[in-house]
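Overview (structure and organization)
Given next are the chains, with one letter for each unit.
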Amino acid sequence: MSQTSAALGRIQPSATLAMSARVNALKAEGVDVIGLSAGEPDFDTPDFVKEAGIEAIRKNLTRYTDVDGTADVKEAVAFKFKRDNGLIYKRSQITVNSGGKHTLFNALVATVDVGDEVIIPAPYWVSYPDIVNFAGGTPVFIEGPASQGYKITAAQLDAAITPRTKWVMLNSPSNPSGAAYSADELKALADVLLRHPHVLVMTDDMYEHVWYASTPFATIAQVCPELYDRTLTVNGCSKAFSMTGWRIGFAGGPEWIIKAMSKLQSQSTSNPCSISQAAAVAALTGPQDFLEDRNAVFKKRRDMVVAMLNDAPGLDCPTPEGAFYVYPDASGVIGKTTPKGALIDSDEALIGYFLDEAKVAAVHGAAFGLSPAFRISYATSDEVLKKACTRIQEACAALK
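Below is a short write-up of the structure. (Residues numbered from 1 in each chain as written. Predicted model: local features only at pLDDT ≥ 70, side-chain atom pairs only at ≥ 80, totals over all residues. Heavy atoms only, no water.)

Okay, the overall build of the protein chain next. Counting secondary structure elements, the protein chain contains 14 helices and twelve strands. Scaling as 2.2 N^0.38, a compact globule of 400 residues should have a C-alpha radius of gyration of about 21 Å, and the protein chain matches this with 21 Å. By residue count, 54% of the 400 residues in the protein chain fall in the buried class. Pairs at least 24 apart in sequence give 74% of the contacts found in the protein chain among residues at least 6 apart. Computing the positive centroid from 37 side-chain charges and the negative centroid from 44, the protein chain places the two 3 Å apart. (Helix = DSSP H or I, 4+ residues; strand = E, 2+ residues; numbered from the N terminus. Rg over C-alpha atoms; globule rule 2.2 N^0.38 Å. Buried < 20%, exposed > 50% of the residue type's maximum accessible area, 1.4 Å probe, protein only. Contact = heavy atoms within 4.5 Å. Lys, Arg positive; Asp, Glu negative; His and termini not counted. Charge placed at Lys NZ, Arg CZ, Asp CG, Glu CD.)

A few words on the packing of aromatic side chains. Tallied over the full model, the rule gives 18 aromatic pairs. Pairing Tyr-89 with Tyr-228 gives two aromatic rings, centres 5.4 Å apart and planes at 15°, and the pair type is stacked. One end of the pair, Tyr-89, is in the loop between helix H4 (71-85) and strand S2 (94-97); the other, Tyr-228, is in the loop between helix H9 (220-223) and strand S7 (231-236), with 139 residues separating them in the sequence. Summarising the aromatic geometry, the rings of Tyr-327 and Phe-368 are spaced 6.0 Å apart at their centres and angled 85° between planes, so their arrangement reads as edge-to-face. Taken as a pair, Tyr-327 in the loop between strand S9 (325-326) and helix H13 (347-358) and Phe-368 in the loop between strand S11 (363-364) and strand S12 (374-377) lie far apart in primary sequence, 41 residues in all. Pair check on accessibility: Tyr-327 and Phe-368 agree, each one buried. Three or more aromatic residues link up through ring pairs in this structure, and these residues are Phe-43, Tyr-207, Phe-298, Phe-324 and Tyr-325. A cation over a ring is seen here: Lys-151 above Tyr-181, with NZ or CZ 5.9 Å from the ring centre. (Phe/Tyr/Trp six-rings, centres within 6.5 Å; stacked < 30°, edge-to-face > 60°. Lys NZ or Arg CZ within 6 Å of the ring centre and 35° of its normal.)

A separate point is the layout of surface pockets. In this structure, the largest pocket spans a volume of roughly 520 Å³. Lining of the largest pocket is provided by 25 residues; of these, Gly-39, Lys-101, Trp-125, Lys-239 and Arg-247 occupy positions nearest its centre. A breakdown of the residues in the lining of the largest pocket according to their chemical character gives nine nonpolar, ten polar and six charged. Counting residues per element, the ones that place at least two in the lining of the second largest pocket are helix H5 (100-111) and helix H6 (127-135). Examining the composition of the lining of the second largest pocket, we find that five residues originate from one element, H6, more than from any other. Across the lining of the second largest pocket, the residue classes break down as twelve nonpolar, three polar and two charged. (1 Å grid on protein atoms, 1.4 Å probe; cavity = no way out; pocket = protein on both sides within 12 Å on 5 of 7 lines; lining within 4 Å. Points joined across faces, edges and corners; volume = space filled by probe spheres on them. Nonpolar A, V, L, I, M, F, W, Y, C, P; charged D, E, K, R; others polar.)

For the rest of this paragraph, the subject is the state of the cysteines. Per the stated rule, a full pass over the model turns up zero disulfides. With no disulfide of its own, Cys-237 lies closest to Cys-273 among cysteine sulfurs, the gap being 12 Å. Exposure remark for Cys-273: the relative accessible area of 39% places this residue in the partly exposed category. (Disulfide = S-S within 2.5 Å.)

Alternating positions in S12 separate into two faces, Phe-374 and Ile-376 on one and Arg-375 and Ser-377 on the other, with burial throughout. Of the pairings in the sheet, the one linking S9 to S12 comprises two bridges and is antiparallel in character. In the strand pairing of S12, Tyr-325 is matched with Ser-377. As paired strands, S11 and S12 are joined by two bridges and run antiparallel to one another. Within the sheet, the bridge partner assigned to Val-363 lies in S12 and is Arg-375. (Pairing = 2+ DSSP bridges.)

Moving on to the nonpolar core. Looking at soluble globular proteins, one finds that nonpolar side chains tend to be buried together. Residues Leu-309, Leu-315 and Phe-374 are the most contacted members of the largest nonpolar core, which totals 44 residues. Mapped onto this core, the elements with two or more residues apiece are helix H2 (15-28), helix H12 (290-310), S9, H13, strand S10 (360-361), S12 and helix H14 (382-397). Setting aside anything within four residues of it in sequence, one finds Phe-374 in contact with Leu-315, Val-326, Tyr-327, Pro-328, Ala-330, Leu-350, Ile-351, Phe-354, Ala-362, Val-363, His-364 and Gly-365. Among the nonpolar cores identified, the runner-up in size contains 32 residues, and Tyr-124, Tyr-128, Ala-135 and Ala-367 belong to it. (Core = buried A, V, L, I, M, F, W, Y, C linked by side-chain atoms within 4.5 Å.)

The next thing to look at is empty space enclosed by the protein. Tallied over the entire structure, the rule returns four cavities of 30 Å³ or more. Volume-wise, the largest cavity comes out at about 130 Å³. If you trace the largest cavity, you find 18 residues lining it, with Pro-121, Pro-123, Asn-171, Ser-174 and Tyr-181 closest to the centre. Among the secondary structure elements, those contributing two or more residues to the lining of the largest cavity are strand S3 (117-122) and strand S5 (165-171). For the lining of the largest cavity, a count of residues per class yields 13 nonpolar, four polar and one charged.

Rendered as structure tokens:
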């Protein structure tokens, strides 16, 4: 008899967090390693947000709150959805959780049964399929290759839907590829979903404000109001406001889903941190102008990294439209050998080579469901990125 549950056996540790832990261990040993595996902005939490958290402590707002968020933070989330997306949600349609991953976990575990299928475009964030597996569902992958801009088509979506399909998950801008769906592309997907009324839609918009495309950001319930009643629109404070450690995610959607998520949360974490909720109110309702300045910095970094990786022999790096990741196609180096004679037979072998020889940490594409490729986060300084990309160029040039 196993000492751990069958549900736990259906999942794997997060590949991104595992690589971050490995980098931290190497740095503790004094190794000059550059970690580009973590999806975390290097900007500080804005001062006005920090002050709101400090003031909450001074006011002794340190007790339990309602399970899925205070009235104040739910009003702030509703304000954000109306201002940014034109979506109107009542407080009873909003949930606030301990990070975006917690929001996704609650939604899937509260709604997915054994035999239910969840459509996940690949490349995908590493946690999506594992959460579905934990819930007992079946992930169904649709590949969106580099030739399609790492996006899926309406025809692919239509072909993947079956009577067992429970959810379709959409992430734009994407982690790991930075691909972003335009309003027209979302409308094409929505036209398919309208023909399948049993399918729910989950949109992970966590990188909404890290956006470089010439067209405005759009989310599917916004471009297709007919899907409003079966769409869960997920977002959070982590990326836009540099609040990864504050752990605030949220969603707006149908009351029955929100109620189910709250029921699950009542028997797991209870409320998200009360101090973080107060800070989130400030983040969502306060000044937003700094976001444009930060995007300008990210865009400059993106352009430098894309150019340098495209100069690395064997790599082909598309230009992302959002988020702070690149996802280079590594087909041109698979099958080559290292100076020590090791065969690069997979993208996992490639990032192992980068880590061991170039002292640069990335995450292999297989972890995101589309190989051969790898993910690099450019949410760090120009100097560090230039150094890392130079090392990658040299490592690729040394392959035979």
